[in-house]
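For reference, the chains in residue letters:
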Amino acid sequence: MEKIKWIKSFEPADREKLIKAALETSDWLDKYSHKQGNEIYWDVKPESLSSNSDLLSSDASVYSGSAGIAQFYLRLYLITKEEKYLDTAKSAVNHCMNSYRGVEDFTTDSEYLPGTFIGYLCGPAGGAYAASQIYSITGEEKYKEYALKVADDAIKASHEENGKLFWYGEYGIIGEGSLILFLTDIYGKFGGEKYIEAANKAAKFIASKKEDAPQGGYRWYVMPTDSFPTIKQPGGYFPGFEYGAAGCGYILASVYENTKDEELLETAKKAAEYITNIADYSEDKTAALVRYNDTYLTDLYYLGVCQGPVGTSRLFFKLYDVTGEEKYKDFVIKLTNGLIASGAPAKHSRGYWRTNCYCCGAPGMLEHFINVHKFTGDEKYLNEAYKAAEIIIGDSTVNDKDGSRNWFTDWNRHEPNTSDAYTGLYHGTSGCAASLLALAGYTGGEIPRAFYLEDPYKKLY
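A brief report on the enclosed structure follows. Predicted model, so just to flag it, every value in this text is computed and none were measured.

1. With respect to the overall build of the chain
And step 1. For the chain, the helix and strand inventory stands at 15 helices and 12 strands.
And step 2. For 461 residues, the compact-globule formula gives about 23 Å, and the C-alpha radius of gyration of the chain, at 21 Å, lands near that figure.
And step 3. Principal axes of the C-alpha set define a box for the chain whose edges measure 70 × 60 × 40 Å.
And step 4. Buried positions account for 60% of the 461 residues belonging to the chain.
And step 5. In the form shown here, the chain has an accessible surface area of approximately 18000 Å², with 48% of it arising from carbon and sulfur atoms.
And step 6. Distance between charge centroids for the chain: 3 Å, based on 49 positive and 64 negative side chains.

2. A word on helix H3 (residues 83-99)
And step 1. Taking 1.5 Å per residue, 17 residues should reach 24 Å; H3 reaches 24 Å between its end C-alpha atoms and fits that length.
And step 2. When you tally the buried positions in H3, you get 12 out of 17 residues, the bulk of the element.
And step 3. Residues of H3 that are buried in the fold lie against helix H1 (15-30), strand S2 (39-42), helix H2 (66-80), helix H5 (125-138) and helix H6 (141-157).

3. A word on the packing of helix H11 (residues 309-323) against helix H12 (residues 326-341)
And step 1. H12 packs onto H11 with a crossing angle of 160° between their chain directions and a minimal axis gap of 7 Å. Compared by their axis directions, H11 and H12 come out roughly antiparallel. Like other packed secondary-structure pairs, H11 and H12 cross with a definite hand, here left-handed. In contact with Pro309, Val310, Thr312, Ser313, Phe316, Phe317, Leu319, Tyr320 and Thr323 of H11, H12 contributes Glu326, Tyr328, Lys329, Phe331, Val332, Leu335 and Leu339.
And step 2. When its residues are assigned to classes, the contact of H11 with H12 shows 11 nonpolar, three polar and two charged.

4. Details of the pattern of salt bridges
And step 1. Tallied over the entire structure, the rule returns 26 salt bridges.
And step 2. One salt bridge in this structure joins Asp261 and Lys204, with 2.7 Å as the shortest N-O distance. Of the two residues, Asp261 sits in the loop between helix H9 (245-259) and helix H10 (262-278) while Lys204 sits in helix H8 (residues 193-208), which places them 57 residues apart along the sequence.
And step 3. A residue is classified by how much of its surface remains accessible, and Asp261, at 16% relative accessible area, is buried.
And step 4. One network of salt bridges, with partners in common, ties together Glu257, Lys318, Asp321 and Lys459.

5. Topic: the packing of aromatic side chains
Pairs of aromatic rings are described using the distance from one ring centre to the other and the angle between the two planes.
And step 1. All chains considered together, the criterion is met by 27 aromatic pairs.
And step 2. Considering the side-chain rings of Tyr73 and Tyr85, the 6.2 Å spacing of their centres and the 25° angle between planes classify their relative orientation as stacked. Here Tyr73, found in helix H2, pairs with Tyr85, found in helix H3; they are 12 residues apart in sequence, far enough to count as distant.
And step 3. The exposure class assigned to Tyr85 is buried, which follows from its relative accessible area of 8%.

6. Quick notes on the packing of H5 against H6
And step 1. Axis separation between H5 and H6 bottoms out at 8 Å; the angle between their running directions is 150°. In terms of orientation, H5 and H6 fall into the roughly antiparallel class. The way H5 lies across H6 gives a crossing that is left-handed. Residues Ala125, Gly127, Ala128, Ala131, Ser132, Ile134 and Tyr135 of H5 pack against Glu141, Tyr143, Lys144, Tyr146, Ala147 and Val150 of H6.

7. Regarding the environment of Glu273
And step 1. Relative to the assigned elements, Glu273 resides in helix H10.
And step 2. The sequence separation of Glu273 and Tyr301 amounts to 28 residues, and the corresponding C-alpha distance is 19 Å.
And step 3. With near-sequence residues (within four places) excluded, Glu273 lies in contact with Gly216 and Gly217.

8. What to know about the pairing of strand S1 (residues 33-36)
And step 1. Note that S1 and S2 share four bridges and pair antiparallel. Of the residues in S2, the one forming a bridge with Ser33 is Trp42.
And step 2. In sequence, S1 turns back onto S2 through a hairpin of two residues, with Gly37 there showing a positive phi of about 60°.

9. Comments concerning the side chain of Thr423
And step 1. Here Thr423 lies in the loop between strand S12 (420-421) and helix H15 (429-443).
And step 2. Note on Thr423: relative accessible area 0%, which makes it buried.
And step 3. Thr423 has contacts with Trp28, Leu29, Trp42, Asp43, Val44, Pro46, Ser64, Ile69, Gly428, Thr429 and Ser430, leaving out every residue within four places of it along the chain.

So, how was this worked out
- Residues numbered from 1 in each chain as written.
- Predicted model: local features only at pLDDT ≥ 70, side-chain atom pairs only at ≥ 80, totals over all residues.
- Heavy atoms only, no water.
- Helix = DSSP H or I, 4+ residues; strand = E, 2+ residues; numbered from the N terminus.
- Rg over C-alpha atoms; globule rule 2.2 N^0.38 Å.
- Buried < 20%, exposed > 50% of the residue type's maximum accessible area, 1.4 Å probe, protein only.
- Areas by Shrake-Rupley, 256 points an atom, 1.4 Å probe, with all protein chains shown as cover.
- Lys, Arg positive; Asp, Glu negative; His and termini not counted.
- Charge placed at Lys NZ, Arg CZ, Asp CG, Glu CD.
- Expected span 1.5 Å × (residues − 1).
- Contact = heavy atoms within 4.5 Å.
- Axes fitted to C-alpha atoms, helices over the stretch in contact; angles between N-to-C directions.
- Parallel < 35°, antiparallel > 145°, perpendicular 65-115°, else oblique.
- Left-handed = near helix turned anticlockwise from the far one by under 90°.
- Nonpolar A, V, L, I, M, F, W, Y, C, P; charged D, E, K, R; others polar.
- Salt bridge = Lys/Arg side-chain N within 4 Å of Asp/Glu carboxyl O.
- Phe/Tyr/Trp six-rings, centres within 6.5 Å; stacked < 30°, edge-to-face > 60°.
- Pairing = 2+ DSSP bridges.

Written out as structure tokens, the structure reads:
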């Protein structure tokens, strides 16, 4: 039977189409880059007013700035083998290095969520993590030295009381809790007992903040939601990943993996117990979703990395990895099936609005489907990854004049009519394109994907 000729742009996404979209994204990023000597940085929110002091808006951070965009360019280099993309990644990390002030960068004058300003996502550890990745590729010592310098300074800036270590006491992954993961990663790459000892003491601090949940297991009061601008009521018990029980448990289990401190493992298991107890299951028990908050908006379900099944599953994958208990693997699958049953990423909902970003949108879902396919071997998850890629490409904007590609996002659920184009990795265009490269690399048999710090599935590759 003769093959029907068709319009190329409407053909299913393949490796060529995925890489082409990423290259067009690089063209768009070029328009908003600033090159100074050996460094480069990008406008966080092009053509809009944005302050480098705004929460989650640092032009050097992994969340929205150069440290994260460097990871996009690392993926582009690993797939295309074109040195210019590696050079861009190095220049982006150079910006982080040149902007770094030392121990001072682990302090802030912010009265609101100070731990967030110094954590891995928004603080200097993001650039240090990217530097360690560049070192692993190039062997250039200055990047290793920078990563170690930031880790040393993080420890110097901490406070220790009764054998427990903390910075501002805000221990979610979006806050200073992620520094524990960074120190653990540094230990894994370079050794140094002081790094894992500090991580263990900081994990002890998180464990000490646990509370007995009414439903069983442990939960944490991670965020003062009575002063949170979009909530303004008490009840900061979140089960999710970036600021909730799943993230707290994940940190503890990650440290346990290195120290074998049984107290940390048992507390992480209790976090998982709490989450499974409050989950909502399908009638046949094959799918599950977990509410956004324990005490209010209990019918709201986020679906992405930050507070949805993509992130929450990471605790359960980690527990399966360190214990071998099948119940944890089963819950990863149930959460993934719940995500699919919700209709996302094609179908939007209150907890999955039009957020074209890795943090809470389709790009994080795409990478999750890839990981679960690798984890289970079930082809349906790879099929979902391709569907997600088609949706991500379809949601992009292509400039008719120069062919450059970017994404607009309604980042804040409470401002649904505000749509902006951001450049960042977790929050913006780079993250959308990076997820397409993840699929291109995975289906092309290429293992290195410039994995993110708090993605435990990298162990599968």
